[in-house]
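Below are the chains, spelled out letter by letter.
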Amino acid sequence: MKQDTVSDRRKFILSLARGAGLSAMGALVWSAYVEEVKAAPLVLRPPAARDEADFLKTCIKCGLCVEACPYDTLHLAAPGEHKPIGTPYYTPRETPCYMCDDIPCVPVCPTEALQPESVQSVENGKKVWDIEKMDMGVAVVDSQSCIAFWGIQCDACYRACPLLDHAIKLKYEQNSRTGKHAFLKPEVVPDVCTGCGLCEHACVTEKASIIVLPREVAQGRAGNYYVKGWDKNDQMRVKNATGGTTTTERSKRKAIDTLNDTGDLFE
Amino acid sequence: MKYLILRRIVQIGLLVLYAAANWYGFKTILQGDLSASLLFQSVPLADPFAVLQMFAAGAALASTVLVGAAIIFVFYALIGGRAFCSWVCPVNMVTDAANWTRRKLQVSKVQKRVYMSRSLRYWVLGLSLLLSVFTGVAAFEMISPISMFHRGVVFGMGFGAAALLVIFLFDLFVHENGWCGHICPLGGFYALIGRFSLIRVKHDADACTACMHCKEVCPEKEVLFMIAKSSESVLMGECTNCGRCIDVCNDDALGFSLRSYAKQRKEQS
């Protein structure tokens with residue numbers, strides 16, 4: 001009987017291929033999983049957190065911020081909570097951030113995934129904590145379910161806001177349905193709002209009608225090609241701007257020729 | 001049983017200390033978790049493997065966590081060896097339970113042998129770093145059942161228990177010492193850095209009666225190649241310094257010792 005022999009060369013090459021193949025298989029499954037779980041844009045991070053991609057790189061998941069929080073606002077994401085595993089987050093409807101003056105959760109971070117400088121300002125040459133610089137998200141009002149928009153007087157969110165009358169303003173409007181009452185509509189000032197979520201926590205509707213969202217999710221971006229001509233500072237942006245001309249095949253013709261050219265319309 | 005009991009006291013004691021910091025605010029001794037913590041409210045500690053992955057992911061690391069990782073690194077490299085795996089890691093209790101059950105049920109006797117290389121963990125270790133580069137996050141930390149278990153006890157378990165059950169079943173029915181002895185890259189990491197540590201198990205071949213109880217119970221059998229053959233220290237990095245072999249030895253042929261850095265005298269018994 002003829003014996004199957006496997007040459008050393010074949011053995012060597014096959015074992016290399018096997019190692020590479022198995023590693024590639026593992027790497028694909030593993031990285032697919034990691035890419036999926038880190039894509040959770042609706043997570044609200046602790047104060048002074050870096051932007052999400054950087055935060056995920058830098059957070060070591062030790063929970064020292066969680067333990068430092070006196071209100072048990074922060075939690076570490078457990079498996080099954082559909083958030084990047086082990087990272088700190090908060091749910092304002094359950095427990096908002098009470099914006100402590102000394103911000104105990106930030107300085108304990110060993111990796112500076114929470115950056116102290118981003119919530120400090122300089123006073124008399126000294127660095128002091130400045131919680132109002134914090135930016136965890138931005139509150140958004142659902143004007144359809146907010147009862148203030150119905151004409152019912154409610155200023156729960158307005159009163160709950162720690163930056164009273166700065167981050168949420170009440171807009172007075174006439175209620176034309178009754179003709180004699182006023183609307184007191186809450187309006188968030190996105191630049192000022194810190195995303196603490198006290199408004200969401202205070203909201204009286206069954207499901208909160210004012211909710212905090214990560215800025216990246218809640219806000220749009222106009223793009224730098226729009227200039228506010230009425231705003232002196234913004235207008236400065238185009239002071240020394242030089243225009244560019246885009247030339248295409250069609251640019252060779254005059255506009256009037258293009259208008260007069262009926263092409264095969266009447267044929 | 002001496003070292004087994006000691007190990008359980010250390011393992012559970014650490015869990016209790018960490019958990020007490022979060023649940024009851026007892027932060028005097030330890031706070032945080034195994035990824036990074038604060039000892040005596042002043043000394044930072046950090047998992048050097050996690051830090052290495054974060055470095056690979058491209059994070060700009062703060063000095064606190066680097067100091068913490070250096071402390072842990074130096075401790076295991078110079079003194080403890082791979083002791084993290086058997087004295088600190090909580091998953092060790094799960095895999096020990098699986099192993100115990102496996103021995104009691106004699107699973108190994110009915111099971112077809114599945115071959116898995118012990119060097120698999122070094123591949124997983126390499127992949128952890130490589131994937132950290134490509135995904136931009138510490139890749140093993142996203143799936144680590146060790147952190148899941150520890151964080152679970154300290155901060156809330158969620159479905160983390162499922163991962164532990166998977167490890168238990170894997171070690172029980174698929175492969176003996178499958179997780180700790182073959183796959184876990186953190187174990188591989190500590191095996192690499194603990195290679196030259198001071199604390200070592202020492203074998204005395206003259207006292208040995210070759211009953212092989214030690215090999216039966218050892219989770220990293222290869223490291224005990226010298227049993228009944230020659231008197232020498234167990235020098236392979238894979239030894240976790242768990243002391244199980246010492247516990248089961250009836251002949252006083254095994255014991256902890258300090259490594260002598262002078263060249264070992266090999267005796268044939």
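Provided above is the structure to which this section pertains.
In this text, all values refer to a predicted model and were calculated from it rather than measured experimentally. (Residues numbered from 1 in each chain as written. Chains lettered and ligands numbered in written order. Predicted model: local features only at pLDDT ≥ 70, side-chain atom pairs only at ≥ 80, totals over all residues.)

## Re the sheet that holds strand 2 (residues 36-39) of chain B
Residues and elements named next belong to chain B. Threshold: Pairing between strands is defined by DSSP: at least two bridges between them are needed. By the criteria applied, helices consist of DSSP H or I runs no shorter than four residues and strands consist of E runs no shorter than two, each listed in order from the N terminus. Every angle, taken between N-to-C directions, lies between 0 and 180 degrees, and every axis is a line fitted to C-alpha atoms, over only the stretch in contact when it is a helix. By definition, residue pairs are in contact when their C-beta atoms, positioned from the backbone, come within 7 Å.
The antiparallel open sheet is built from 3 strands, whose spatial order is 1-2-3. The open sheet is flanked by strand 1 (30-32) and strand 3 (43-46), the only strands paired with a single partner. The average undirected angle you get between the axes of adjacent strands in this sheet is 25°. Relative to strand 3, strand 2 runs antiparallel, the two being bridged by 4 bridges. The residue bridging Leu38 from the neighbouring strand is Pro44, located in strand 3. Running at roughly 75° to strand 3, helix 3 (residues 63-80) makes contact with strand 2 and strand 3 of the sheet.

## Details of helix 3 of chain B
All names here are of chain B. For clarity, the cut-off: Every helix has an expected span of 1.5 Å times one less than the residues it contains. Counting other C-beta atoms within 10 Å of each residue's C-beta, where C-beta atoms are placed from the backbone, gives the exposure class: buried for 20 or more, exposed for 12 or fewer, partly exposed between. Arc, as used here, means the arc of the directions from the helix axis to the C-beta atoms.
In this model helix 3 runs 24 Å from its N-terminal to its C-terminal C-alpha over 18 residues, within 8% of the 26 Å that 1.5 Å per residue would give. Restricting attention to buried positions, one finds in helix 3 the residues Val65, Gly68, Ala69, Ile72, Tyr76 and Gly80. Buried residues in helix 3, looked at end-on, bunch into an arc of 95°, giving them a common side. Its buried side turned inward, helix 3 meets strand 2, strand 3, helix 2 (48-57), helix 4 (83-88), helix 11 (185-193) and strand 4 (199-203).

## Regarding the packing of helix 8 (residues 145-155) of chain B against helix 9 (residues 160-174) of chain B
Residues and elements named next belong to chain B. Test applied: Here is the rule for angles: anything less than 35 degrees is roughly parallel, anything more than 145 is roughly antiparallel, 65 through 115 is roughly perpendicular, and the remaining ranges are oblique. Take the far helix as your reference; a near helix turned counterclockwise from it by less than a right angle gives a left-handed crossing, and one turned clockwise gives a right-handed crossing. As a working rule, the residues Ala, Val, Leu, Ile, Met, Phe, Trp, Tyr, Cys and Pro are called nonpolar, Asp, Glu, Lys and Arg charged, and the rest polar, with Gly in that last group.
Two elements in contact, helix 8 and helix 9, have axes separated by 9 Å at closest approach and are oriented at 130°. As judged from the angle between their axes, helix 8 and helix 9 are oblique. Every pair of crossing elements has a handedness; the one defined by helix 8 and helix 9 is left-handed. Contacts between helix 8 and helix 9 involve Pro145, Met148, Phe149 and Gly152 from the former and Gly160, Ala163, Leu164 and Ile167 from the latter. Residues belonging to the contact of helix 8 with helix 9 are distributed by class as follows: 6 nonpolar, 2 polar and no charged.

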